[in-house]
Amino acid sequence: MRFSQRQGITPKNKLVQKEAIDDDLRNGLWSLIKIYYWDRYDRDRHSMYGRCDYVDGSNMEHLFFSFYFHYFKMPTDTIHKYFYDALDSLRKYYFAAQWYEIFDLIEFIAEYGFEDSKESFQKACNTVLERENSAYRFVNGVITEITSDQEIQAVEEAIDNAKSFKGVKKHLETALGLLANKQNPDYRNSIKESISAVESLVKNISTDDKATLGNALKQLQDSRGLHPALKNAFSSLYGYTSDAQGIRHALMEESTLTKADARFMLVSCSAFINYIIDLLSSN
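All values derive from a computational prediction rather than experimental measurement. (Residues numbered from 1 in each chain as written. Predicted model: local features only at pLDDT ≥ 70, side-chain atom pairs only at ≥ 80, totals over all residues. Heavy atoms only, no water.)

Engineer: I'd like a description of the pattern of salt bridges, backed by residues and values.
Structural biologist: Using the criterion set out here, one finds 12 salt bridges in the structure. For D39, the salt bridge identified is with K34, shortest N-O distance 3.0 Å. For D39, a relative accessible area of 46% corresponds to the partly exposed category. With a relative accessible area of 41%, K34 lands in the partly exposed category. A salt bridge links K118 to E115; its shortest N-O distance comes to 3.6 Å. Among the charged side chains, a salt-bridge network with shared partners connects K18, E145, K259 and R263. (Salt bridge = Lys/Arg side-chain N within 4 Å of Asp/Glu carboxyl O. Buried < 20%, exposed > 50% of the residue type's maximum accessible area, 1.4 Å probe, protein only.)

Written out as structure tokens, the structure reads:
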């Protein structure tokens, strides 16, 4: 703890940063981009005279082409000739950007940048996001609002554990994407995808591929020792998705579903999927 914090002059902790990025977080994320990407600039051309920091022919050519073609959707023949000019232009954009535009850029760089930096860059970003009390983290390559480390672990483990169940993995990834969409989140369909992931899993391991979720859970109870309380709890959650706000039926005129509802369902379904897969592996 710093001297000023010990003396009570500056606060020890910040409130959670939600739909906002302060200067500390903005600066920290830019520093990570610099460390993992810009500092690795390697030109392929050499010149004895004048500047030789070309974008064209360097290891940054693909990334800057992607910026202009996919992200900014600008003519690619307007890319700056020199890397440090191109970087200066991008830096000015970054430090003037809205909070969600910064997260868009971070996701984009992780996707289109050096493949060998992707995982370590995302982990480093999560460290800074946690340090600055941000409400967001990288989860499966997507920046999403899940503030608890336990929640993050449950969702990531479920997506990883579901590798052998492609339908389950797809439903979870879709639920996460719908929840994480910063400009147009779809809570109703995120909840639907979360519960569909559970349906997909239990039907995969059921003896009757036409069984309802309730019937499949009963089979798990009888054959795998699923605790009755867990069976009843998830049956109740399934009932909620059938009744509340028309999640699994026709849309009602006005929905009051919130991000908290969608996050709760994603985390709950992920935890349940982890439990069922662990149960199967132990029997």
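So that's the structure; there's more coming.
Engineer: An account of the environment of F234 is needed here, citing residue identities and associated values.
Structural biologist: If you trace the backbone, F234 turns up in helix α11 (residues 228-243). Taking the C-alpha atoms as reference points, F234 and L213, separated by 21 residues in sequence, lie 9.3 Å from one another. For F234, the contacting residues outside a window of four places in its chain are I195, V198, L217, S268, C269 and F272. (Helix = DSSP H or I, 4+ residues; strand = E, 2+ residues; numbered from the N terminus. Contact = heavy atoms within 4.5 Å.)

Engineer: Requested: an account of the packing of helix α8 (residues 166-180) against helix α9 (residues 187-204), with residues and values cited.
Structural biologist: Where α8 contacts α9, the axes come no closer than 8 Å and their chain directions differ by 165°. One finds that α8 runs roughly antiparallel with respect to α9. When the axes of α8 and α9 are compared, the crossing they make is left-handed. On α9, the residues that touch G167, V168, H171, L172, T174, A175, L178 and L179 of α8 are Y187, N189, S190, E193, S194, S196, A197, S200 and L201. Taken together, the residues that form the contact of α8 with α9 break down as eight nonpolar, eight polar and one charged. (Axes fitted to C-alpha atoms, helices over the stretch in contact; angles between N-to-C directions. Parallel < 35°, antiparallel > 145°, perpendicular 65-115°, else oblique. Left-handed = near helix turned anticlockwise from the far one by under 90°. Nonpolar A, V, L, I, M, F, W, Y, C, P; charged D, E, K, R; others polar.)

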